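Residue-level listing of the chains:
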Amino acid sequence: MSMQQRIEQQLAPLGTAHLEVLNESHMHSRGQETHYKAVLVSEQFAGLNSVKRHQKVYATMAELMGEIHALAIHTYTPEEWAQVGVAPASPVCAGGGH
């Protein structure tokens, strides 16, 4: 199972209406699978600010976080997602060889 699939599996309990995990390692690292972007749409984010939403995601991802270098998290309620429809593009990494 790929790391991308493992991340998707870990995030599934959040009951997402939309889940997209992108491997962005090619933008950051040299041949390593270490950088990912997760876009999650879930009712569980209703009433939570961005910090609480990210804490929920990190708690769900706890056992995998030591295996990846970076996880960009974009969280939305279904209502927010209906308005936005797309997560922002990731910046080019300035970190070099991570």
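Provided above is the structure to which this section pertains.
Residues numbered from 1 in each chain as written. Predicted model: local features only at pLDDT ≥ 70, side-chain atom pairs only at ≥ 80, totals over all residues. Heavy atoms only, no water.

What exactly am I supposed to notice about the pairing of strand β2 (residues 35-41) here?
On any regular strand, side chains alternate: one points to one face of the sheet, the next to the other face. With seven of seven residues buried, β2 is to be regarded as a mostly interior element. Burial of the side chains of β2 extends over both faces: His 35, Lys 37, Val 39 and Val 41 are buried on one face and Tyr 36, Ala 38 and Leu 40 on the other. With six bridges connecting them, strand β1 (residues 18-23) and β2 associate as antiparallel partners. What sits directly across from Asn 23, in β2, is Tyr 36. Two elements, β2 and strand β3 (residues 70-76), share seven bridges in a ladder whose sense is parallel. The partner of Val 41 across the bridge, within β3, is Tyr 76. In this fold, the crossover linking β2 to β3 by way of helix α2 (residues 50-65) has right-handed handedness. (Buried < 20%, exposed > 50% of the residue type's maximum accessible area, 1.4 Å probe, protein only. Helix = DSSP H or I, 4+ residues; strand = E, 2+ residues; numbered from the N terminus. Pairing = 2+ DSSP bridges. Right-handed = clockwise from strand over helix to strand, strands pointing away.)

Please clarify how the pattern of salt bridges should be interpreted in this entry.
A side chain with one charge may pair with a side chain of the opposite charge, provided their charged atoms come close. Summed over the entire model, instances satisfying the criterion amount to two salt bridges. One salt bridge in this structure joins Glu 67 and Arg 6, with 2.9 Å as the shortest N-O distance. With Glu 67 in the loop between α2 and β3 and Arg 6 in helix α1 (residues 3-11), this residue pair connects regions lying 61 residues apart in the sequence. Its salt-bridge partner being Arg 53, residue Glu 80 comes within 2.8 Å of it at the nearest N-O pair. Here Glu 80, found in helix α3 (residues 78-84), pairs with Arg 53, found in helix α2; they are 27 residues apart in sequence, far enough to count as distant. Residue classification places Glu 80 among the partly exposed positions, given a relative accessible area of 29%. (Salt bridge = Lys/Arg side-chain N within 4 Å of Asp/Glu carboxyl O.)

Please explain the nonpolar core as it appears in this structure.
Note that soluble globular proteins tend to have their nonpolar side chains buried in a common cluster. Counting 15 residues, the largest nonpolar core has Ile 7, Leu 11, Leu 40, Val 57 and Met 61 as its most contacted members. Broken down by secondary-structure element, the contributors of at least two residues to this core are α1, β2, α2 and β3. Setting aside residues no more than four positions away along its own chain, Ile 7 makes contact with Val 21, Tyr 36, Met 61, Leu 64 and Ile 68. Val 39, Val 41, Tyr 76 and Ala 87 belong to the second-largest nonpolar core, a separate cluster that totals five residues. (Core = buried A, V, L, I, M, F, W, Y, C linked by side-chain atoms within 4.5 Å. Contact = heavy atoms within 4.5 Å.)

What is the right way to read the sheet that holds β1 from this model?
Adjacent strands of a sheet form backbone hydrogen bonds with each other and so pair up, either parallel or antiparallel. If you trace the three strands from one edge of the open sheet to the other, you get β1-β2-β3, paired in mixed fashion. At either margin of the open sheet sits one strand with a lone partner, and together these are β1 and β3. Between one strand axis and the next, the sheet turns by 10° as a mean value, whatever way the strands run. Strands β2 and β3 of the sheet are contacted by α2, whose axis makes an angle of about 145° with β3. (Axes fitted to C-alpha atoms, helices over the stretch in contact; angles between N-to-C directions.)

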